[in-house]
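A look at the structure
In case you want the letters, here they are:
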Amino acid sequence: VEFSFTMFGDLFEEDYSNVSNNQYGKGKKLKTKVLEPPAPREFTNLSGIRNQGGTCYLNSLLQTLHFTPEFREALFSLGPEELGLFEDKDKPDAKVRVIPLQLQRLFAQLLLLDQEAASTADLTDSFGWTSNEEMRQHDVQELNRILFSALETSLVGTSGHDLINRLYHGTTVNQIICKECKNVSEKQEDFLDLTVAVKNVSGLEDALWNMYVEEEVFDCDNLYHCGTCDRLVKAAKSAKLRKLPPFLTVSLLRFNFDFVKCERYKETSCYTFPLRINLKPFCEQSELDDLEYIYDLFSVIIHKGGCYGGHYHVYIKDVDHLGNWQFQEENCKPDVNLKDLQNEGEIDDPLVILKAILLQEENNLITVDQLGQKLLKRIGISWNKKYRKQHGPLRKFLQLHSQIFLLSSDESTVSLLKNCSLQAESDFQRNDQQIFKTLTSETLGLNDSASCPHWFDINDSKVQPIKEKDIEQQFQGKESAYMLFYRKSQLQRPPEARANPRYGVPCHLLNEMDAANIELQTKRAECDSVNNHVELHLHLGPQYHFFNGALHPAASQTECVWDLTFDKRKTLGDLRQSVFQLLEFWEGDMVLSIAKLVPAGLHIYQTLEGDELTLCEIEIADGEDIFVWNGVEVGGVQIQTGIDCEPLLLNVLCLDTSSGGEKCQQVVESPCVFPSNAEVGTVLAALTAPTGVIFINSAKCAGEASWATLPEEDMKKTFRELGLKNGSSVLIQDSRNADNSLLTKQGKWTGMNEMDWLQVKNFCQLESEEKQVKISATVNTVVFDIRIKAIQKLKLMKELVENSCLRPIDRNGKLLCPVPDCYTLKEAELKMGSSLGLCLGKAPTSSQLFLFFAMGSDVQPGTEMELMVEETTSVRDCLKIMLEKSGLPGDTWHLRKMDWCYEAGEPLYEEDATLKELMISSGDTLLLIEGKLPPPGFLKVPIWWYQPQGRARPCESPRDQTSCASAAGGTCRAASTQGDPGNTPAEGPLLYLGDVEVTEDAALVDLKSQAVALLPFLECSVLSPAFLRAWTVESKRLGRLLRANRQLLKEYKLGRRAEICLEPLQKEENLGPQDVLLRTQMRIPGERAYALAVDVVWDTARGWSAGSLRQRVADFYGLPVEKIEIAKYFPEKFEWLPISSWSQQIAKRKKKKKQDNLQGAPYYLKDGDIIGVKNLLIDDDDDFSTIRDDAGKEKQKQLTLGKKKSREALHVQSGDILSSAQTPGRPRGPEASLSIHVGSFR
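About the criteria used
- Residues numbered from 1 in each chain as written.
- Predicted model: local features only at pLDDT ≥ 70, side-chain atom pairs only at ≥ 80, totals over all residues.
- Heavy atoms only, no water.
- Helix = DSSP H or I, 4+ residues; strand = E, 2+ residues; numbered from the N terminus.
- Buried < 20%, exposed > 50% of the residue type's maximum accessible area, 1.4 Å probe, protein only.
- Contact = heavy atoms within 4.5 Å.
- Areas by Shrake-Rupley, 256 points an atom, 1.4 Å probe, with all protein chains shown as cover.
- pLDDT = per-residue confidence, 0-100.
- 1 Å grid on protein atoms, 1.4 Å probe; cavity = no way out; pocket = protein on both sides within 12 Å on 5 of 7 lines; lining within 4 Å.
- Points joined across faces, edges and corners; volume = space filled by probe spheres on them.
- Nonpolar A, V, L, I, M, F, W, Y, C, P; charged D, E, K, R; others polar.
- Arc of directions from axis to C-beta.
- Polar contact = N/O pair within 3.5 Å; in protein donor to acceptor, adjacent residues only side chain to side chain.
- Pairing = 2+ DSSP bridges.
- Axes fitted to C-alpha atoms, helices over the stretch in contact; angles between N-to-C directions.
- Parallel < 35°, antiparallel > 145°, perpendicular 65-115°, else oblique.
- Left-handed = near helix turned anticlockwise from the far one by under 90°.

1. Regarding the overall build of the protein
When its secondary structure is counted, the protein shows 29 helices and 54 strands. Looking at the protein residue by residue over its 1242 residues, the buried ones come to 47%. The contacts in the protein between residues at least 6 apart in sequence include a share of 72% that link residues at least 24 apart. Surface accessibility of the protein: about 62100 Å² in total, with carbon and sulfur atoms responsible for 50%.

And the structure:
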C-alpha cells in the first residue's frame, strides 16, 4: 500500500492582520509601553547582579568580593586624587584608573541603590570586552586570577598597590631532604589561591593532608639526584604552608580529562569541606596561638552543569548582617531538649564519641585498634562504614585533630590531651554549626552562640536566604561547589559596620547613590500610574455565530472586536458600567466572560463574577479577551463554557481508495473539531464509519510517526484523558495493522589500561642506536630523572646532561615548550603515555620565556620559529629581535598573541610594556602582522564592498516578480544564472576596498564618509553616506546590521578587530529598532531556482511570530497568506527550513497565548537572512532546495571525508599511541581565551 500525506501547514496559523486599531472599535491603538525603572530590592534588602548573557561566573566572583568587607573598604579608601575622575578618562594625558573606579561604583550600588539587580555593563566596558565576550561563559577560577592581576596593574603607584598581595597572597615551601647528607633543597612558591584535587579524595581536609602532611619517598628505581652528594640517593619530599593570607581561596579541580575516551568530564563525587577549618597541621610553623590557624567559610561559588557549559551562583555569608535573613528566629531558638540534641549529635560527630570513649579509659589512653573496637561496640557500626568516606582513615583523623588527640610516635596508641573535656565538646555541638559533619576544628569558645550566621544564595538577579545546612547539598552532583573562600576567624568587624551599608563608603559615592535613589522613586511613581492600565479586547456576542465547534466572527473584525483601555484598580462593576455606556445599543442582561482564541476559533472559559472586586483581584491580564453576551446563547445556539469542553482541532487521516484502487491507497487528511470532554469514539460517528480501528500518533517529536492502536475499552475515554491536543493526529483504518516503532541501538565503549610510562624521542641530531625509548615513571617523578634515564638508554654523550631538555610533543608532532628539570610530571601537567622530545639546549629559567613566533595570521603547524627572551623584555624589543631572526625588513610590523582558537588575537598595543606585564607566558605564540598599529584612541577598520548579485531595479515591483514567476518560460527564468539555476542571489561576493583609520568616538556616518573615498576604484556612484548600508563581517559573511548613522562606534562594542562591509542602496532608509531586514526570493515554478532577491522590512513590534512574518511576506507579494510557503535558508549548511506556525500551544488559564518566537531555535532569524517564498497557486512542490544546494552538500561531504582521512594519516605518521584505541568524541566549539585590558600606569 502506498501512503501519500498532504499536511496542512497553515491550518492552525493565527491571522492578526484584520484586528482593529482604534481604541473604541475604529482601529486598534498600540499601547506604548513605558520604559520601566529597575525593580526595587526584595525582602532580603540585598541587590543581585544582572546577567549580560553569559556573565554568571563574573557575577558570582563580584558578589564574593563585595561581601569581603576588608577588600571593599580598602578599595573605597582610594580617592579620586589617586584613581582619577570618570570625566577625564577620554583626555589624552589623564591617567584614569577606570577598573577600580567602576568597581567602587558597582559596590556602592550593591550597598545603597534601591534596585533588585545592578548592571556590570560599565565594568565590562572598562575590561575592554565586546558584546561577544559578554555572551560567552568562562571559568570563574581563571577569572579570579586575571581580575586580581588587572587590579594589581591598575593600582600601581597608589596607596593600594599591595591590596591583592596584602589580603590574598600566601606562600608554600617545597622541601627535598637527602637521606644521606641531610641536605635540604628548598623552593618557595607564591599563591593567590590553593588548587586542590577532587578525584579520589573524600574532602578538603583529605586533599590538604595529601598535599602538606604526607611525604613522598624517593627510593629503589626512583632515586633523587642530590647536588651535594652529586649522585642518586634516597630522599623525602614534602610541602608546607609557610605564610597564610587573611583570606584563603580554594579552587577545586572538578574538571578532568579522560585519556581513554579523549574527552573532558566533570568530577561529581562527594567532596566535603568544613565551615571552620584548622590549618595548623598543614603549616610549617606551629608555635603560634591556635587562633592564628582558624579560618571560617564565608563564600561558596557553585557550578551547575557539565564541563562544556553550565551556570554559576554563589552561597555567601553576610558578615556585616546587611541583609534581611528570614530564618533568623527559627535558627536562633534555644535548645528545648538539650539532652536529646546532644545524644543525636554524638553519633553524627566522631569527635564527641571518640572523646567520650577516651574519657572512660584509665589515663585517657588506649590503642588505636581498641579504640576502633570500642567505637563499634558503642554505636553498632564500624569506623570505615560510618565515617571513612567523609573523614578518611581513623589514624589520619586522629592526626588531623592533634589539638585534641595525642598519637604515639609509632601511631599505635592514642590519648586525650589535657584541657579537653567532653562538656566543652557538647557545648560546641549545640551551636549552629552542629549540622556540618566534617567540621574539624576545636571550638575553644570561638563561636558566638547568640548570633546566627546569615547565609544567602545569590543567583544573578535573585537573592534568597538559606540555612547553613543547605551548604551540604553542594558536596556532590552536577550542581556542586567549585570555589571556596575562607577568612581568618580573628578578623573582627567594627560594631558600627553591623547592619550599616553606608559604613566606609566615600562621600562622593554616598551623594551619587542618594541622588540616584530619589530619581528611581520618581520614575517608579510615574511608571506605576501608567502600568495600572490594561487593554481589553471586547468580543461582542451579537456579532458572532457558533460554527464547527467554536465561535467565529459573523462580520468584519472591526465590528466584532472593540478595544478598551481601563484602570485595573477599578472594580468589575465599574467595567460593566463602562461597557454599557460604550454599547448604547445593548439590551437585556450583560455577562462578561474570559475567552481565548484557540486553533478552532474563540472559546469561552470563565464568567466574571463579583462586581465589588477589582480587576487586579480577579487577575485580569493586559490584552485579555472579554466576551460580552447574555450568558446563555449566541445566535440561537446554547454555548458550553469552561476548559473541560475546550474545542480541539485534530488531524483525522483515513484511507481513500476511490482514485487509485487498493494498490494505490491515498491517506486523506481532514481537520475536525471535537470537544475535549467528548468520547474518542465520536470520531467514527463524525466520519459516518460504523466500525473501524483508531490509531493515535504517540510520537513526541514533530515529524515522527509512531502509531499506537487504541484499545476497544479506551473508546469510551475522552480526548483529554488520552492526552490529545490541538494538532494531534488520528488515523482510521479498517484492518488492524500496527506499525512497529524503530528502536535505536546503542553502542558500548571499550577502554584502555592505564599506562605508567613515557616515550622519549631523540631530537638531538646525534647518531644513536635507538630512536626512541620508554621510561617508566609515576606522576611524582622529577623531569630531571627522566631526562637522565633517556640519555642513558639512548646511549648518548654525557655532555648532553648539561645541554639538553625535554619538550612535550603534541598530537601533530609539534615540539612544545621545554619542561623545567625541577618539575614533577604532575606539576608539568604531563600525562602517562605521552611523548617527549630530547632536544639540544637548556630549558628556560624562572625569569625567561620560551616563545613561538610566526609571520602572518594563517600559521601552518610546524612552521613557527622559537625564541627565548627575558620576561622583562619590552614588546618593542621583542618585536625587533623577532624581525632580525626572521630576516624581515622595515618597521611596519606589530605583534599579536595567538588565542585559544589558533587565531590572531588583540594587538599588543603597549610597546613599552614588558612581556610579563602583558601576561605573556612560556609556550605562547606571537604573530608578526604587517601593518603599523593606529595611534592611541583610533581604530583601523578594514572596509569591504558588498553588491548583491542581480539586485532588482528600484522600479521593479515585487508583484511584477510574482506575475513573472507565474508565466511559463518568462523572463525571470533568465534572471537566474545559466548553468547554475540554484544560484542564491542574496549571497554575493565581498570585495576588499582598503583600511580606514577612525577615532573611537566617531559616529557610524563618519566611518561611511571616510569609506566613500575608497569607492572611486569601483564602477559605481554613491550620492552620500546615507545611501550606504553598514554590516559587520564575521567569518567572511555579513554579520550584524549597524542601523543608526549617528550612533558612536564604541556604543556598538565592535572591538578592535572589527571589519565593516558597505552595501549600496537605491534610496535612503531609516530602520527602527524593531525592524528586521530580510532578503526574500520568489521560487520559479518548474525549476529548482529563485528569482532576484528583494529586501523586505518586517516590523516585529507585535512579536517575532511566524504568523506575523508570513502575513508581511504575503502583503509584500500581494498574495493570500494561505497561498504561500516560506522557508529560511542556511547557506553554511545549504539547507532550507520551512517556517510555519500551525503548532501554537495554549498556555494555562488567565495567561497570554504562547507565541512561537523566530529569534530562538531552530530559526534564529536575524537581519540579512534569506527567505524563500513559494506561490502555492502555481507551485505545489514541497522542495525548497536548489541544484546549487545539492552540489554544496556533496562538496561538504567530500571535504569532511578528506579531513577525516588527513587526521587518520597524521595520527599514524606521528606515532600517536592512543590513536588506535580512541574514538573521537563529540565535536565541541573552540574555547575562547579570557582577558581584561588595562592601561599602563607605570
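2. A short note on the confidence of the model for the protein
Across the protein, pLDDT averages 79, with 81% of residues at or above 70. Here residues 952–986 is a poorly scored stretch, pLDDT under 50, and it has 65 contacts once near neighbours within four places are set aside; other chains count.

3. Considering empty space enclosed by the protein
Tallying each qualifying case throughout the model produces 6 cavities of 30 Å³ or more. Here the largest cavity is characterised by a volume of approximately 70 Å³. What lines the largest cavity is a set of 10 residues, and nearest its centre among them are S202, E205, D206, Q390 and H391. Of all elements in the fold, only α9 (204–212), α15 (388–391) and α16 (394–400) reach the threshold of two or more residues within the lining of the largest cavity. Here the lining of the largest cavity is built from residues that sort into 1 nonpolar, 6 polar and 3 charged.

4. Here's the deal with helix α27 (residues 1004–1012)
Of all the positions in α27, only L1004, V1005, L1007, K1008 and A1011 are classed as buried. For α27, the buried positions fall inside an angular range of 155 degrees around the axis, keeping them on one side. The secondary structure elements touched by the buried residues of α27 are β45 (938–946), β46 (990–999), β47 (1028–1034), β48 (1037–1042) and β49 (1060–1064).

5. Section: the environment of R807
Considering the arrangement of structural elements, one finds R807 in strand β38 (residues 804–809). A residue is classified by how much of its surface remains accessible, and R807, at 6% relative accessible area, is buried. Separated by 13 residues in sequence, R807 and P820 have C-alpha atoms that sit 9.4 Å apart. Residues in contact with R807, not counting those within four places in the same chain, are L815, L816, C817, P818, S835, L836, G837, C839, F850, F852 and E866. Polar side-chain contacts of R807 include one of 2.7 Å to the backbone oxygen of L816. Of note is the side chain of R807, whose polar atom sits 2.7 Å from the side chain of E866.

6. Considering the sheet that holds strand β9 (residues 235–243)
Read across the open sheet, the 4 strands follow the order β4-β3-β9-β6; overall the sheet is antiparallel. The open sheet has two edge strands with one neighbour each: β4 (184–191) and β6 (216–218). Pairwise comparison of adjacent strand axes, ignoring direction, gives a mean angle of 25 degrees for this sheet. Note: strand β3 (residues 170–178) against β4, 8 bridges, orientation antiparallel. Looking across to β4, one finds that V173 is bridged to Q188.

7. Section: the pairing of β9
Note that β3 and β9 share 8 bridges and pair antiparallel. When the sheet's bridge partners are listed, Q175 is paired in β9 with S238. Alignment of β6 against β9, held across 3 bridges, turns out to be antiparallel. When the sheet's bridge partners are listed, F218 is paired in β9 with A235.

8. What to know about the sheet that holds strand β53 (residues 1135–1139)
With mixed pairing, 5 strands are arranged side by side in an open sheet as β51-β50-β54-β52-β53. Two strands close off the open sheet at either side, each with one partner strand: β51 (1094–1099) and β53. Each strand of the sheet is rotated relative to its neighbour by a mean of 40 degrees, with strand direction disregarded. Of the pairings in the sheet, the one linking strand β52 (residues 1124–1130) to β53 comprises 5 bridges and is antiparallel in character. Across the sheet, the residue bridging to I1126 is I1139, located in β53. Here helix α28 (residues 1106–1117) sits on the sheet and contacts β50 (1075–1082), β51, β52, β53 and β54 (1170–1175); the angle it forms with β51, its principal contact strand, is near 135 degrees.

9. Here's the deal with the environment of A854
Structurally, A854 can be placed in strand β40 (residues 848–855). Separated by 74 residues in the primary sequence, A854 and L928 place their C-alpha atoms 6.0 Å from one another.

10. Digging into the packing of helix α2 (residues 69–76) against helix α4 (residues 98–112)
At a minimum axis distance of 10 Å, the contact between α2 and α4 shows a crossing angle of 125 degrees. Considered as vectors, α2 and α4 are oriented oblique to each other. Between α2 and α4 lies a crossing of left-handed hand. Contacts from F71, R72, L75 and F76 in α2 reach P100, L103, Q104, F107, A108 and L111 in α4.

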